[in-house]
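What follows is the residue order along each chain.
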Amino acid sequence: IYQCDWSSDVCSSDLERALARSLGVPVRTDGRIEVRLLPSPRLRVDRLHLGTDPDRPSLDARFVKAEIALAPLLKGEFRFTETRIGRAEIKLPVAGPDTLKLPPDFGGALRDRDLAIENLQIQQFLVTTQVPATGRTDQLYVQDLRLQAPALVGPWRIEGTSGGIPFRAVSGTPGPD
């Protein structure tokens, strides 16, 4: 096992660069990082931040454990086969009532990423929408979220519990921009 903590610039910066290249968004890590290569590649990160622009979606994930497919990793790509997250918050800026503020290149950026989510489990998941002009926020809290997607663009299969009520949602794959 290769271990380092966030104060080790070499470990965190290498991981951050590799993830940023694979995901196409700025990445920052905090806390302990553990990487195990054998018998199967695994990654543990205390805290992972994806995205830094308040006008774009961002993710803050804590206690991330991920198994990584070996063949893509040898080419410098990340393909997560099983991921568990203790707590995650996604922030989505909104332009007005019921209108998400997504970057104009969002659909194309998702299509360009060869990233599959085979089995993502999040114990506590918080979705926060923010209206930058007024500061208003709304939140949705989900427990035991499970997500699968053969590609970032979809289709997505999501299951979880919110307010004690189990739910299941399935999306299609959007057409060209």
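Since the model is a prediction, treat every value here as computed from it, not as a measurement.

J.: Describe the overall build of the chain, with residues and values.
T.: When helices and strands are tallied, the chain shows three helices and ten strands. Sequence-ordered secondary structure for the chain, helices as α and strands as β, is β-α-β-β-β-α-β-β-α-β-β-β-β. A buried classification covers 36% of the 177 residues belonging to the chain. For the chain, the exposed surface amounts to about 10700 Å²; the carbon and sulfur share of it is 55%.

J.: Quick rundown of the pattern of salt bridges? Include the residues and the values.
T.: Taken as a whole and judged by the stated rule, the model has nine salt bridges. Between E67 and R42 there is a salt bridge; the shortest N-O distance is 2.8 Å. In this pair, E67 sits in strand β4 (residues 58-68) while R42 sits in strand β3 (residues 42-50), placing the two residues 25 residues apart along the sequence. Look at R42 and you get partly exposed, because its relative accessible area is 39%. Between R84 and E82 there is a salt bridge, with its nearest N and O atoms 2.9 Å apart.

J.: With reference to specific residues and values, describe the side chain of H49.
T.: Its location among the elements puts H49 in strand β3. By relative accessible area, which is 11% here, H49 ends up buried. Among the polar contacts made by the side chain of H49, one reaches the side chain of D30 at a distance of 2.8 Å.

J.: Could you give me a rundown of the nonpolar core, with the residues and numbers involved?
T.: Of all hydrophobic cores here, the largest spans 27 residues; its most connected members are L48, I85, I122 and F125. Where this core is concerned, the elements lending two or more residues are α1 (9-23), β2 (27-36), β3, β4, β5 (80-96), β7 (117-130) and β8 (137-149). A per-element tally of this core places β7 first, with five residues. When near neighbours in sequence (up to four residues on either side) are disregarded, L48 contacts L19, V27, R28, T29, L59, D60, A61 and V64.

J.: Please give an account of unusual backbone geometry that cites residues and values.
T.: Positive phi outside glycine occurs at F63, with the angle close to 60°. Looking at the element boundaries, F63 is found in strand β4. Its identity as a non-glycine residue notwithstanding, D144 has a phi of 50°, on the positive side. As for its placement among the helices and strands, D144 is situated in strand β8. Residue classification places D144 among the exposed residues on the basis of a relative accessible area of 53%.

J.: Tell me about the pairing of β7, and please be specific about residues and values.
T.: As defined by bridge partners, β7 adjoins β8 across eleven bridges and the pair is classed as antiparallel. Directly across from T128, in β8, lies its bridge partner Q139. Hairpin connection from β7 to β8: six residues lie between these consecutive antiparallel strands, with G135 at a positive phi of about 85°.

J.: Describe in detail the confidence of the model for the chain, supporting the description with residues and values.
T.: Any segment with low pLDDT has predicted coordinates that should not be analysed in fine detail. Per-residue pLDDT for the chain averages 81, and the proportion of residues at 70 or more is 79%. Below a pLDDT of 50 lies the segment residues 1-8, which in the model reaches 18 contacts outside its immediate sequence neighbourhood of four places, other chains included.

The rules behind each value
Residues numbered from 1 in each chain as written. Predicted model: local features only at pLDDT ≥ 70, side-chain atom pairs only at ≥ 80, totals over all residues. Heavy atoms only, no water. Helix = DSSP H or I, 4+ residues; strand = E, 2+ residues; numbered from the N terminus. Buried < 20%, exposed > 50% of the residue type's maximum accessible area, 1.4 Å probe, protein only. Areas by Shrake-Rupley, 256 points an atom, 1.4 Å probe, with all protein chains shown as cover. Salt bridge = Lys/Arg side-chain N within 4 Å of Asp/Glu carboxyl O. Polar contact = N/O pair within 3.5 Å; in protein donor to acceptor, adjacent residues only side chain to side chain. Core = buried A, V, L, I, M, F, W, Y, C linked by side-chain atoms within 4.5 Å. Contact = heavy atoms within 4.5 Å. Pairing = 2+ DSSP bridges. pLDDT = per-residue confidence, 0-100.

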